[in-house]
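Tertiary structure, described
Okay, here's what each chain looks like letter by letter:
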Amino acid sequence: MIGYMGGRRLLDSYGRVADDLRISITDRCNFRCIYCMPAEGLKWLARDDLLRFEEITRLARIFVQRYGVRTIRITGGEPLVRIKVEELVGMINAIDPTLDITMTTNGVLLRDKAQKLAEAGLKRINISLDTLHADRFHEIARADMFARTMDGIEAAREAGLWPIKLNMVVMQGHNDDEVVDFARLAREKGYEVRFIEFMPLDGDNIWTNEQVVPSRRIQEQIEDLFPLEPVKDTRPGPATRFKFADGRPGGVGFISSVSQAFCTTCNRVRLTAEGGLRTCLFSLNETPLRDLMRSGVSDERIGSVIETAIWHKEEGHLINKPGFIKPAKNMSQIGG
Ligand code: SF4
């Protein structure tokens, strides 16, 4: 195990350093969330088009050892539908067991996987949960999996995956009346609930600005009952975080991509399941790394391609600005 070899960082032309790598390991999912996947699903990538575990691990090693990346987030589609995902977690953990390895999942398969993932080196977890009502769960996720998701959250706690963050995409007219209930759940269970503004990355093209519930409004609703105190984070991240002023456990966070963009401090880059390097969630193009790797080039060569791509990272997204173009890929093909 070799840690960061020091020296180089992944700098972009706006002075930001990329040290948070999000790796999508599959485009497949067992849900059809209305803010993400088309109702009819997608034509899945062929097996050979997906990065193999060895290839994902090699790229992760380059990011960690050459460029000091410290956080690796495993995403999808739904990462737990990829067979033996815990083996991949173990391979990444072997690069550096002090790495902050986390995952974003819909939680349905966690009862089977949580313990194995924790033993393999997963440190913490984000679980998508958009409602506390089974009927509404079906409306939003287009799957009857509410009970299994709630059980998956419990399984994560039992396996010691902590903190547990619940990702709630708030949509006007769908679940915006539940934000206080989610804050109450956070206080009861000690979770951190992250309220995510609905972004134009959906497969059914239903996104409108009117459906976006600005974080400011959610925060005001919560603070009417539960006063909040800001949490100072040591590293940049997408969420503005708060704890409960009365000392109760848990907390809330706001990911305000639409109403208060946070691109000036963005430290994230993404790898798609087929090995495309995306410098921004809203990138209109990617730097393909899979075939480059399969052509037999050195880590040095791959590293220089990554450096060049990140140097040209976008300044930020242009949502609600002239010139905004919705990416051709939707959220499930990019990974959160
Ligand atoms: S929109 Fe792009 S630049 Fe802005 S925070 Fe998200 S990934 Fe970073």
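All values reported here derive from a predicted model rather than from experimental measurement.

1. Description of the overall build of the protein
The secondary structure content of the protein amounts to ten helices and twelve strands. Here the protein has a C-alpha radius of gyration of 19 Å; the compact-globule value for 336 residues is 20 Å, and the two agree. Counting the 336 residues in the protein, one finds 56% classified as buried. Considering only residue pairs separated by 6 or more positions, the protein has 75% of its internal contacts joining residues 24 or more positions apart. Carbon and sulfur atoms make up 52% of the accessible area of the protein, which amounts to about 14200 Å² in all. Taking the average location of the 47 positive side-chain charges in the protein and that of its 47 negative ones, the two points are 5 Å from each other.

2. Comments concerning the pattern of salt bridges
A complete count under the given rule lists 27 salt bridges for this structure. As a salt-bridge pair, Arg278 and Glu286 come within 2.8 Å of each other at their nearest N and O atoms. Residue Arg278 is classed as buried on the basis of its relative accessible area, which comes to 2%. Under the relative-accessibility criterion, Glu286 is labelled partly exposed at 25%. By sharing partners, the salt bridges in this structure join Glu274, Arg278, Glu286 and Lys329 into a single network.

3. With respect to the nonpolar core
Most often, soluble globular proteins keep nonpolar side chains buried together rather than apart. Core analysis: the largest hydrophobic core is formed by 105 residues, its most contacted members being Ile92 and Phe195. Sequence-distant contacts of Phe195, that is, excluding residues within four places in its chain, are made with Met168, Val170, Val179, Phe182, Ala183, Ile218, Ile222, Val252, Gly253, Phe254 and Ile255.

4. Quick look at the pairing of strand 3 (residues 100-105)
By the criterion of burial, strand 3 is predominantly enclosed, with six of the six residues buried. Of the pairings in the sheet, the one linking strand 2 (residues 71-75) to strand 3 comprises four bridges and is parallel in character. The residue bridging Arg73 from the neighbouring strand is Thr102, located in strand 3. On the question of chirality, the crossover connecting strand 2 to the parallel strand 3 by way of helix 2 (residues 85-93) is right-handed. One ladder, built from four bridges, connects strand 3 with strand 4 (residues 124-128); its direction is parallel. Its bridge partner lying in strand 4, Met103 is registered against Ile125. Handedness of the crossover joining strand 3 and strand 4 through helix 3 (residues 110-120) is recorded here as right-handed.

5. Side note on the pairing of strand 9 (residues 251-255)
In terms of burial, strand 9 is largely enclosed, as five of its five residues are buried. Where burial is concerned, the two faces of strand 9 agree: the one with Gly251, Gly253 and Ile255 and the one with Val252 and Phe254 are both buried. Pairing of strand 6 (residues 192-197) with strand 9, which is carried by five bridges, proceeds in the parallel orientation. By the bridge assignment for strand 9, Val193 is matched with Val252. The hairpin turn running from strand 8 (residues 240-244) into strand 9, its antiparallel successor, is six residues long, and Gly247 in that turn takes a positive phi close to 85 degrees.

6. Details of the packing of aromatic side chains
For any pair of aromatic rings, the description consists of the separation of the ring centres together with the inter-plane angle of the planes. Across all of its chains, the model carries seven aromatic pairs by this definition. On the basis of an interplanar angle of 70 degrees and a centroid distance of 5.8 Å, the ring pair of Phe242 and Phe254 is categorised as edge-to-face. Here Phe242, found in strand 8, pairs with Phe254, found in strand 9; they are twelve residues apart in sequence, far enough to count as distant. Across this residue pair, the class does not change: Phe242 and Phe254 are buried. Between Phe282 and Phe324, the aromatic rings sit 6.0 Å apart at their centres with planes inclined by 65 degrees, giving edge-to-face as the arrangement. Remark: Phe324 occurs in the loop between helix 9 (299-311) and helix 10 (331-334) and Phe282 occurs in the loop between strand 11 (276-278) and strand 12 (287-288); sequence separation between them is 42 residues. A network of ring pairs unites the aromatic residues Phe31, Phe137 and Phe146 as a single cluster.

7. Observations regarding the sheet that holds strand 8
Reading across from one edge, 7-8-9-6-5-4-3-2-1-10-11-12 is the order of the twelve strands in this open sheet, with mixed pairing throughout. Edge positions in the sheet fall to strand 7 (228-230) and strand 12, since each has one partner strand and no second. Here strand 10 (residues 268-271) runs beside strand 11; their pairing, made up of two bridges, is antiparallel. Bridging across to strand 11, Leu271 finds its partner in Leu277. Where helix 7 (residues 215-225) meets the sheet, its contacts fall on strand 5 (164-170), strand 6, strand 7, strand 8 and strand 9, and the angle it forms with strand 9 comes to roughly 165 degrees.

Parameters at a glance
Going along each chain's sequence as written, the residues are numbered from 1 onward. Since the coordinates come from a predicted model, pLDDT governs what is reported: local features require at least 70, and pairs of side-chain atoms require 80 or more to be given and counted, while whole-chain, interface and lining totals use all residues. The side-chain quantities take in all heavy atoms of the structure and omit both hydrogens and water. By the criteria applied, helices consist of DSSP H or I runs no shorter than four residues and strands consist of E runs no shorter than two, each listed in order from the N terminus. Computation of the radius of gyration draws on C-alpha atoms alone. For the globule rule, the value is 2.2 Å times the number of residues to the power 0.38. Throughout this description, buried means an accessible area under 20% of the type-specific maximum (1.4 Å probe, protein chains only), exposed means over 50%, and partly exposed covers the range between. Only heavy atoms enter the contact rule, under which two residues are in contact if any of them lie within 4.5 Å. Areas reported here follow the Shrake-Rupley algorithm with a probe of radius 1.4 Å; residue values treat only the protein chains shown as occluding. Charge convention: Lys and Arg are scored as positive, Asp and Glu as negative, and His as well as the terminal groups of each chain are ignored. Taken as the charge location is NZ of Lys, CZ of Arg, CG of Asp or CD of Glu. When a carboxyl oxygen of Asp or Glu lies within 4 Å of a side-chain nitrogen of Lys or Arg, that pair is called a salt bridge. Nonpolar cores were defined as sets of buried Ala, Val, Leu, Ile, Met, Phe, Trp, Tyr and Cys residues, with membership established by side-chain atoms within 4.5 Å. One requirement defines pairing of two strands: DSSP has to find at least two bridges between them. A clockwise path from the first strand over the helix to the second, with the strands pointing away from the viewer, defines a right-handed crossover. Pairing of aromatic rings covers Phe, Tyr and Trp, the last counted by its six-membered ring, and requires centre-to-centre distances within 6.5 Å; plane angles under 30 degrees mean stacked, over 60 mean edge-to-face, and any other angle means tilted. Orientation is described by lines fitted to C-alpha atoms, with helices fitted over the stretch in contact, and by angles between N-to-C directions that extend from 0 to 180 degrees.

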